[in-house]
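Structural overview
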2 protein chains.
Amino acid sequence: MSSRHLAKGSRAPPSAKGKLRLYSNRFCPCAQRVHLVLDIKKISYDVVYINLSSIPDWFSSIGKVPALETETGDILTESLIIADYLDEKYPQHKLHSNDPLQKAKDRLLLERFNKVIHTMYKVLLTSARSFTDEPEETISEGLEMFENELNNRSGSYFGGSKPGMLDYMIWPWCERADILKLFGNQYALKKDEFKKLMEWRGFMLLDEAVQNNFLDADTHIRYVQSYRCGIPDYDQILAH
Amino acid sequence: MSSRHLAKGSRAPPSAKGKLRLYSNRFCPCAQRVHLVLDIKKISYDVVYINLSSIPDWFSSIGKVPALETETGDILTESLIIADYLDEKYPQHKLHSNDPLQKAKDRLLLERFNKVIHTMYKVLLTSARSFTDEPEETISEGLEMFENELNNRSGSYFGGSKPGMLDYMIWPWCERADILKLFGNQYALKKDEFKKLMEWRGFMLLDEAVQNNFLDADTHIRYVQSYRCGIPDYDQILAH
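This section reports on the structure supplied with the text.

About the criteria used
- Residues numbered from 1 in each chain as written.
- Chains lettered and ligands numbered in written order.
- Predicted model: local features only at pLDDT ≥ 70, side-chain atom pairs only at ≥ 80, totals over all residues.
- Heavy atoms only, no water.
- Least-squares fit on C-alpha atoms with pLDDT ≥ 70 in both.
- Contact = heavy atoms within 4.5 Å.
- Phe/Tyr/Trp six-rings, centres within 6.5 Å; stacked < 30°, edge-to-face > 60°.
- Helix = DSSP H or I, 4+ residues; strand = E, 2+ residues; numbered from the N terminus.
- Buried < 20%, exposed > 50% of the residue type's maximum accessible area, 1.4 Å probe, protein only.
- Pairing = 2+ DSSP bridges.
- Axes fitted to C-alpha atoms, helices over the stretch in contact; angles between N-to-C directions.
- Buried area = accessible area lost by both parts, 1.4 Å probe.
- Salt bridge = Lys/Arg side-chain N within 4 Å of Asp/Glu carboxyl O.
- Polar contact = N/O pair within 3.5 Å; in protein donor to acceptor, adjacent residues only side chain to side chain.
- Patch = residues over 30% accessible without salt bridge, like charges linked within 9 Å, V, L, I, M, F, W, Y side chains within 5 Å.
- Areas by Shrake-Rupley, 256 points an atom, 1.4 Å probe, with all protein chains shown as cover.
- Lys, Arg positive; Asp, Glu negative; His and termini not counted.
- Charge placed at Lys NZ, Arg CZ, Asp CG, Glu CD.

Mapping chain A onto chain B calls for a screw motion: a turn of 180° about the axis and a shift of 0.0 Å along it, with 0.0 Å RMSD after fitting. Here the symmetry operator amounts to a two-fold rotation axis. Most of the interface of chain A is mirrored in chain B: 100% of its interface residues are interface residues there too.

One pair of aromatic rings is described through two measures. These are the centre distance and the angle between the planes. Residue and element names in this part refer to chain A. Inspection of every chain in the model, using the stated rule, returns 24 aromatic pairs over all chains. Centre to centre, the rings of Tyr157 and Phe203 are 6.1 Å apart; their planes meet at 55°, and the pair counts as tilted. A residue pair is termed long-range when its members are at least 10 positions apart, and Tyr157 in the loop between helix H4 (139-152) and helix H5 (165-175) and Phe203 in helix H6 (residues 195-204) qualify at 46 residues. An aromatic cluster of at least three residues, connected via ring pairs, comprises Phe113, Phe146, Phe158, Trp171, Trp173 and Trp200.

This next bit is on the environment of B:Leu215. All names here are of chain B. As for its position among the elements, Leu215 is in the loop between helix H7 (208-212) and helix H8 (217-228). By relative accessible area, Leu215 is classed as buried at 7%. Residues Leu215 and Phe27, 188 residues apart in the sequence, show an inter-C-alpha distance of 9.0 Å. The contacts of Leu215, once residues within four sequence positions are left out, are Arg26, Phe27, Glu175, His220 and Ile237.

Let us look at the sheet that holds strand S1 (residues 20-24) of chain B. All names here are of chain B. Pairing is mixed in the open sheet, where 4 strands are placed in the order S2-S1-S3-S4. Lying at the two open borders of the sheet, with one neighbouring strand each, are strand S2 (45-49) and strand S4 (75-77). On average, each strand axis in the sheet is tilted by 20° relative to the strand beside it, whichever way the strands run. When S1 meets strand S3 (residues 67-69), the two strands line up antiparallel, connected through 3 bridges. Counterpart to Tyr23 in the pairing with S3 is Ala67. Against the sheet, helix H1 (residues 29-40) engages S1 and S2, with an angle of about 155° to S1.

The subject of this paragraph is the interface of chain A and chain B. Counting residues at the interface gives 21 residues for chain A and 21 residues for chain B. Between chain A and chain B, the buried area comes to about 1900 Å², and carbon and sulfur atoms account for 63% of it. When the area that chain A buries against chain B is broken down by residue, the three leading residues are A:Ile81, A:Arg107 and A:Leu108, summing to 29%. Viewed at the interface, chain B and chain A are joined by 8 salt bridges. For B:Lys115, the salt bridge is made with A:Glu78, and the minimal N-O distance between the two is 3.7 Å. For the interface between chain A and chain B, the tally reads 6 residue pairs in polar contact (both at pLDDT 80 or more). Within the residue set of the side of chain A that touches chain B, elements represented by two or more residues are strand S4 (75-77), helix H2 (79-89) and helix H3 (100-126) of chain A.

A word on the sheet that holds strand S1 (residues 20-24) of chain A. Residues and elements named next belong to chain A. Within the open sheet, the 4 strands sit side by side as S2-S1-S3-S4. Their pairing is mixed. At either margin of the open sheet sits one strand with a lone partner, and together these are strand S2 (45-49) and S4. For this sheet the average axis-to-axis angle between neighbouring strands, irrespective of direction, equals 20°. Strand direction decides the pairing type here: S1 and S2, joined by 5 bridges, are parallel.

On to the pairing of S1(B). Most of S1(B) sits out of view: 5 of its 5 residues are buried. The alternating pattern of S1(B) places B:Leu20, B:Leu22 and B:Ser24 and B:Arg21 and B:Tyr23 on opposite faces, both of which are buried.

Between side chains of opposite charge, a pair can form when the charged atoms approach closely. Residues and elements named next belong to chain A. Counted under the stated rule, the structure contains 24 salt bridges over all chains. Two residues, Asp235 and Arg4, come together in a salt bridge whose shortest N-O distance is 3.6 Å. Taken as a pair, Asp235 in the loop between helix H8 (217-228) and helix H9 (236-239) and Arg4 in the segment before S1 lie far apart in primary sequence, 231 residues in all. Since its relative accessible area comes to 53%, Arg4 is described here as exposed. What emerges from the salt-bridge pattern is a single network uniting Lys41, Asp87 and Lys94.

Attention now moves to a negative patch on the surface. All names here are of chain A. A cluster of acidic residues, Glu141, Glu144, Asp192 and Glu193, forms a negative patch on the protein surface. Within the secondary structure, Glu144 is located in helix H4. A relative accessible area of 45% means that Glu144 is categorised as partly exposed.

Note: most peptide bonds trans; most residues except glycine with negative phi. Omega for the peptide link from A:Val65 to A:Pro66 comes to -5°, which places this bond in the cis form. Following the sequence through the fold, A:Pro66 ends up in the loop between S2 and strand S3 (67-69). Positive phi, normally seen in glycine, also occurs at A:His93, with a value near 50°. By the element assignment, A:His93 lies in the loop between H2 and H3. Here A:His93 falls in the partly exposed class, since its relative accessible area comes to 33%. Positive phi outside glycine occurs at B:Glu78, with the angle close to 75°.

Here the focus is the side chain of A:Glu69. Residue and element names in this part refer to chain A. Within the secondary structure, Glu69 sits in strand S3. Look at Glu69: it is buried, it has no salt bridge, and the nearest opposite charge is Arg21 at 4.6 Å. Residue contacts for Glu69: discarding those within four places in its chain leaves Lys19, Leu20, Arg21, Tyr23, Asp74 and Ile75.

Keep in mind these numbers describe shape, not what the thing actually does.
Written as structure tokens, this is what we have:
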């Protein structure tokens, strides 16, 4: 959290050969997924933050975050693929279920989550229009599915008695839930309808990896506002 | 291959409890992926073909193919998630690499393949327009990446000395490559530019699972033409 996002004109940081390196951005929820997995597994890694609105030339061949540079210099992209890779390569604190059926069900839930929330988040970032163009499923329908799912599972987390892959993979968007207020109160979450999810959110906030990567609602809102004005302020947390 | 595609008004087939059941469609490339995995692993299963332009009421809660009903009655959808599930649950003839990095790289290649070819195929099916609206990458660029990849790998297949998950997951679209001719000769594959891939295609055609699920170019073209006329002929191969 200590270094600025590197932009066009910056120099490429020296090679981290032999150490994992994550190319990231402090406000990218997909990158946050990977930070969470690395932190939970207590894997030592190097971070390079990238300014996504002014991508450095030396980064253009990769071009997006999150991107993981492995110890062997291979580059992996796509947060879910990186997360699965880390879970297989570093078996400590296993995040996926060992039961193939449960794992497949969780991956399906995640796909549905991606479709609903991810799209909403993009709408939020890319324009000031309202939710009239909203995708097939509304946030509420999506959350209802997750509320029911939590009710049907034993334990406080999707992973059971502790957070698992599904918990951490959906977390970054849940951390940002309050930015929905930006659209007006009618879009704010009806918290009493999602009792179990709100309880889950409270438990997740106690998690060490979640805390390590946490930014509060005001910070997220300031970022979204700066983004929508065309000058995303990736480094705002350094100035505070 | 012996039964008709069930449509609205059909009766639900009796439960297959205790046996895997695949809800499929003879012309869906994603469903073909799952048939391939089941056949390679010599898993016994029941097939129910669904008429996708007239989905039976009893199937509406699932609503899409491929859908796998497990021995416990759980339903899984999404071809890649089903394929990964089967590869973990039935470890005979393992399709994914045991090396997490290689597996992640193959999954990334598959993502790129999906973006290029899958979109093209949709364009082909859903309208008679030409490739002026084509996605960022052209088929040729996509194939070039795979050609280079095959050149860099040892063995004739992406999986090495025998076909692996990546080989089977891209196969259904490669089987259908000749339907590109429908757009005119300028879209037909320039086979001499993709020497290694053409060689690969020849080897894949010798594979037993590929043969079991193979339909020739004329059959695929007849299907695409019927689909584009608004009356997809899913059962044409029964009439021959």
